[in-house]
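# Topology and contacts: notes
The lines below spell out each chain.
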Amino acid sequence: MGQFDRTLEYIDQLQHAATAAAVCERLLGITSDFGLTALMAGTVPQPGTPAGQQKQHVLLCDWPGEWLERYVARNYVDHDPVVSHMKQLQAPFQWHEASQGIRIDKSSGEVMGDAGAFKLRDGLAFPLITLDGQIVMVSLGGEAVELSVAEFGQVSLVSTYAVGRAMQLHTMADKTIDHIVLTPRERECLQWAAVGKSEWEISQILGISEHTSEKHLLNAKSKLGAVNRVQAVAEAIRRGYIS
């Protein structure tokens, strides 16, 4: 089975999850093969939000209980370099990248050190922007994370889909889902983007200019309410445009 076919199989598992807890369980069943054994996804609270209100922002969670309590009690969200990096970036990254090129102060160093003590030494994280402009931060962690470039893309896509599915269940969006029309070219470009092809590679495959392939992808992202390629592909799969 090819990697993209395996990704579609994972997504089918997630699509049949009937609750957010089931989404979480099935996603970790997939990502644990890569050393990612814990998950946290939720909207970002405003700086200074009281600890008692921070848990209300959680969408999906399978984090060590004691670590979550400490994270909230010590207000680590305001000092976490991974959260800071997510606010600046629109693409997936590994946790260790968040500390590269920035000055780690005592507070942020304490966050990363404490995470390691709970067997969360590295991970994968990315932000999702909802249609109403909220930032959903998604973070998967573990003790020994091993991801090739292709696996990194696969896990990012599946995780993006999982969060979208959880939000769909949360809002019952299935009942009122808007109908979006993608052109055949937009679908083709998304299909090739889903298997990791660049704009230039897509242009060569389809016999169009690189500018045109980029334009098709931008149009598709806009129609799907996505801020990046990964989110656009995940949404296109959810809506049945890619199979």
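Okay, so let's go over this structure. Every chain's residues receive numbers from 1 upward, in the order its sequence appears when written. Since the coordinates come from a predicted model, pLDDT governs what is reported: local features require at least 70, and pairs of side-chain atoms require 80 or more to be given and counted, while whole-chain, interface and lining totals use all residues. The side-chain values count all of the structure's non-hydrogen atoms but skip hydrogen atoms and water molecules.

### Points about the environment of Lys-223
The test is simple: Secondary structure elements are taken from DSSP: a helix is a run of H or I of four residues or more, a strand is a run of E of two residues or more, and numbering for both begins at the N terminus. Note on definitions: a residue-residue contact is assigned when non-hydrogen atoms from the two residues lie within 4.5 Å.
Relative to the assigned elements, Lys-223 resides in helix α11 (residues 210-224). Note: C-alpha distance between Lys-223 and Ile-180 (43 residues apart in sequence) is 6.8 Å. If we skip the residues at most four places from it in the chain, Lys-223 touches Ile-180, Val-181, Leu-182, Thr-183 and Glu-186.

### Digging into the pairing of strand β4 (residues 122-129)
Here is the rule we go by: The cut-offs for exposure are 20% and 50% of the maximum accessible area for each residue type, with area from a 1.4 Å probe on protein chains only; residues under the lower value are buried, those over the upper are exposed, and the others partly exposed. At least two DSSP bridges between two strands are required for those strands to pair.
Taken across its 8 residues, β4 has 7 buried, putting it largely inside the fold. Inspection of the sheet shows strand β3 (residues 93-94) paired to β4 by 2 bridges, in the antiparallel sense. Counterpart to Gln-94 in the pairing with β4 is Leu-124. One ladder, built from 8 bridges, connects β4 with strand β5 (residues 135-142); its direction is antiparallel.

### Some remarks on the environment of Leu-182
On the secondary structure map, Leu-182 appears in the loop between α8 (149-171) and α9 (184-194). Sequence-wise, Leu-182 and Ala-236 are 54 residues apart; in three dimensions their C-alpha atoms are separated by 9.3 Å.

### Let's talk about the pairing of strand β1 (residues 38-43)
In terms of residue burial, β1 counts as a mostly covered element, since 6 of its 6 residues are buried. Residue alternation in β1 divides its side chains into two sets, Ala-38, Met-40 and Gly-42 and Leu-39, Ala-41 and Thr-43, and both sets are buried. With 6 bridges connecting them, β1 and β5 associate as antiparallel partners. What sits directly across from Ala-38, in β5, is Gly-141. Summarising the sheet, β1 and strand β2 (residues 58-62) pair through 4 bridges and their orientation is antiparallel. Each bridged residue has a counterpart across the sheet, and for Ala-41 the counterpart in β2 is Leu-60.

### Remarks on the layout of surface pockets
Stated precisely, the cut-off is as follows: Residues are called lining when one of their atoms sits within 4 Å of a cavity or pocket point, these points coming from a 1 Å grid over the protein atoms alone, where a cavity is a set in which a 1.4 Å probe fits but cannot get out and a pocket is an open set with protein on both sides within 12 Å along at least five of seven lines. Grid points are joined across faces, edges and corners, and a volume is the space filled by probe spheres set on the points. Residues are grouped as follows: Ala, Val, Leu, Ile, Met, Phe, Trp, Tyr, Cys and Pro are nonpolar; Asp, Glu, Lys and Arg are charged; all remaining types, including Gly, are polar.
Computed from the structure, the second largest pocket encloses a volume of approximately 440 Å³. Every residue lining the second largest pocket is counted, 19 residues in all, and those nearest its centre are Gly-153, Gln-154, Ala-193, Ala-194 and Gly-196. With 7 residues, α8 is the single largest residue contributor to the lining of the second largest pocket. Grouping the amino acids of the lining of the second largest pocket by side-chain chemistry returns 12 nonpolar, 6 polar and 1 charged.

### Re the side chain of Asp-122
For clarity, the threshold we go by: Counting rule applied: Lys, Arg positive; Asp, Glu negative; His and chain ends not counted. One speaks of a salt bridge when a side-chain nitrogen belonging to Lys or Arg is within 4 Å of a carboxyl oxygen belonging to Asp or Glu. What qualifies as a polar contact is a pair of N or O atoms within 3.5 Å, subject to a donor-acceptor requirement within protein and to the restriction that residues adjacent in sequence count only when both atoms come from side chains.
Locating Asp-122 in the fold gives a position in strand β4. In this structure Asp-122 is buried but unpaired, with Arg-121 as the nearest side chain of opposite charge at 10 Å. One polar contact links the side chain of Asp-122 to the main-chain amide nitrogen of Trp-95, over a distance of 3.4 Å. With sequence-adjacent residues up to four places away left out, Asp-122 is seen in contact with Gln-94, Trp-95, His-96, Leu-140, Gly-141, Gly-142 and Val-145.

### Focus: the pattern of salt bridges
A full pass over the atoms with the stated rule returns 9 salt bridges. The salt bridge partner of Arg-70 is Asp-114, with a shortest N-O separation of 3.2 Å. Residue Arg-70 is found in helix α4 (residues 65-73), and its partner Asp-114 is found in helix α7 (residues 106-117); the two are separated by 44 residues along the sequence. You can call Arg-70 partly exposed: its relative accessible area is 24%. Note on Asp-114: relative accessible area 13%, which makes it buried. Lys-223 is the partner of Glu-186 in a salt bridge, and the nearest nitrogen-oxygen pair spans 2.9 Å. Here Glu-186, found in helix α9, pairs with Lys-223, found in helix α11; they are 37 residues apart in sequence, far enough to count as distant. For Glu-186, a relative accessible area of 3% gives the class buried.

### Quick notes on helix α1 (residues 3-15)
For the record, the criterion: In a helix, the anticipated span is given by 1.5 Å times the number of residues less one. Note that the arc is computed from the directions linking the helix axis to the C-beta atoms.
The end-to-end C-alpha distance of α1 is 18 Å, a good match for the 18 Å that 13 residues give at a rise of 1.5 Å each. Phe-4, Thr-7, Leu-8, Tyr-10, Ile-11 and Leu-14 are the residues of α1 that are buried. What you see down the axis of α1 is that its buried residues fit within an arc of 160 degrees, all on one side.

### Comments concerning the packing of aromatic side chains
What counts here: Here is the rule: rings of Phe, Tyr and Trp (six-membered ring for Trp) pair when centre to centre is within 6.5 Å. Planes less than 30 degrees apart are stacked, more than 60 are edge-to-face, and the remainder are tilted.
Taken as a whole and assessed by the stated rule, the structure comprises 5 aromatic pairs. With a centroid separation of 5.5 Å and an interplanar angle of 75 degrees, the aromatic rings of Trp-67 and Tyr-71 are classed as edge-to-face. With a gap of 4 residues between them, Trp-67 and Tyr-71 both fall in helix α4, about one helical turn apart. Here Trp-67 and Tyr-71 have matching classes, each one buried. Plain terms: the ring middles of Trp-67 and Tyr-76 are 5.8 Å apart, the flat faces sit at 45 degrees to each other, and that makes the pair tilted. Taking relative accessible area as the criterion, Trp-67 reaches 3% and is therefore assigned buried. With relative accessibility at 3%, the residue Tyr-76 sits in the buried group. Following the ring pairs from residue to residue traces out a cluster consisting of Trp-67, Tyr-71, Tyr-76 and Phe-118.

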